[in-house]
Amino acid sequence: MAGLEGVEQPRQRGGATATRWVTAIEDEQAYKALAEFGDPTEAEVSLPSRPESAATARRLTHSVVVRQWGLSVQLAESAVLLVSELVGNAVRHTGARAFGLRMSRRPGLIRVEVRDPSRGLPCLLPVQPLDVSGRGLFLVDELSERWGVDLLPRGKTTWFEMRVPQRRPPQS
C-alpha cells in the first residue's frame, strides 16, 4: 500500500498495455522538449505545474525510452501512461509551481521519478469497473514492476520501475 516512506509496491503479474504509432510531428515535439527542458537522464528536469506539462513529460519519456535507450514502443507507451498518471497527481494535488522528472536505467530496469514539494502521500484506492477517476495509482501498480514514494525534507518523490531487456554486450 502506498503511503509509507521508502516502501516499495510489489508487481502483480497481469497486463494491460497499449501501443500506438508515433508521428513525425510528435517526434519533432519530443526533440524540442529535450532542447527546451533538458534530458531527464542527465539531471532532474523541472516542469511548470500545469496540465499541459503532462504532454511534455510524456514526450520526454517516449523520446528517452525509444530513441536513447532503444527499447520497444510498447514499453515506451506503458511508461508514458504511468508518467502521465504521476504528473497528473503532482499537478492536481500539490499546489506546487513546478515538479521534477528524472529517468534512469540500470541492467534489467528503468526507473522514472516525479518529485514535487508536497509531503502529502498518494494512496492506492480500490477501483470499481465504472469509476471515472482515481485509477492512476491502480495503473501504476498494474503496469510497473514496483513503485513507491520517498519522503524528502521538502516534498516527496513518487517513482516506478519497469523491467526491460538486459543490454547485450557488444559482439567482437
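Reading the values: the criteria
Residues numbered from 1 in each chain as written. Predicted model: local features only at pLDDT ≥ 70, side-chain atom pairs only at ≥ 80, totals over all residues. Heavy atoms only, no water. Helix = DSSP H or I, 4+ residues; strand = E, 2+ residues; numbered from the N terminus. Buried < 20%, exposed > 50% of the residue type's maximum accessible area, 1.4 Å probe, protein only. Polar contact = N/O pair within 3.5 Å; in protein donor to acceptor, adjacent residues only side chain to side chain. Salt bridge = Lys/Arg side-chain N within 4 Å of Asp/Glu carboxyl O. Pairing = 2+ DSSP bridges. Phe/Tyr/Trp six-rings, centres within 6.5 Å; stacked < 30°, edge-to-face > 60°. Lys NZ or Arg CZ within 6 Å of the ring centre and 35° of its normal. pLDDT = per-residue confidence, 0-100. Contact = heavy atoms within 4.5 Å.

Quick look at the side chain of Ser 144
Logical step 1: As for its placement among the helices and strands, Ser 144 is situated in the loop between α4 (136–143) and β5 (146–152).
Logical step 2: Note on Ser 144: relative accessible area 1%, which makes it buried.
Logical step 3: Separated by 2.6 Å, the side chain of Ser 144 and the backbone oxygen of Val 140 make a polar contact.
Logical step 4: In terms of polar contacts, Ser 144 uses its side chain to reach the backbone carbonyl oxygen of Arg 146, at 3.5 Å.

Some points on the pattern of salt bridges
Logical step 1: If you walk through the whole model with that rule in mind, you get nine salt bridges.
Logical step 2: For Glu 52, the salt bridge identified is with Arg 50, shortest N-O distance 2.8 Å.
Logical step 3: A salt bridge links Arg 106 to Glu 161; the shortest N-O distance between them is 3.4 Å. Here the residue Arg 106 occupies a position in strand β3 (residues 98–106), and Glu 161 occupies one in strand β6 (residues 155–163), the gap between them amounting to 55 residues.

Observations regarding the pairing of strand β2 (residues 45–48)
Logical step 1: Burial along β2 is one-sided: Val 45 and Leu 47 are buried, and none of Ser 46 and Pro 48, which face the opposite way, are.
Logical step 2: Sheet topology places β2 next to β3; four bridges connect them, and they run antiparallel. Paired with Leu 47 across the two strands is Phe 99, which belongs to β3.

A closer look at the pairing of β3
Logical step 1: Pairing geometry for β3 and strand β4 (residues 109–116), over seven bridges, is antiparallel. Counterpart to Arg 102 in the pairing with β4 is Glu 113.
Logical step 2: Counted between consecutive antiparallel strands, the loop separating β3 from β4 contains two residues, among which Gly 108 sits at a positive phi close to 85°.

With respect to the packing of aromatic side chains
Logical step 1: Applying the stated criterion across every chain yields a total of zero aromatic pairs.
Logical step 2: Between the NZ or CZ atom of Arg 111 and the centre of the ring of Trp 159, over which it lies, the distance is 4.1 Å.

Section: the confidence of the model for the chain
Logical step 1: Residues with a pLDDT of 70 or more make up 79% of the chain, whose mean pLDDT is 83.
Logical step 2: Throughout residues 1–5 the model reports pLDDT below 50, and contacts reaching past four residues in sequence, or to other chains, amount to 13 contacts.
Logical step 3: The low-confidence segment residues 9–20 (pLDDT under 50) makes 28 contacts with residues lying over four places distant or belonging to another chain.

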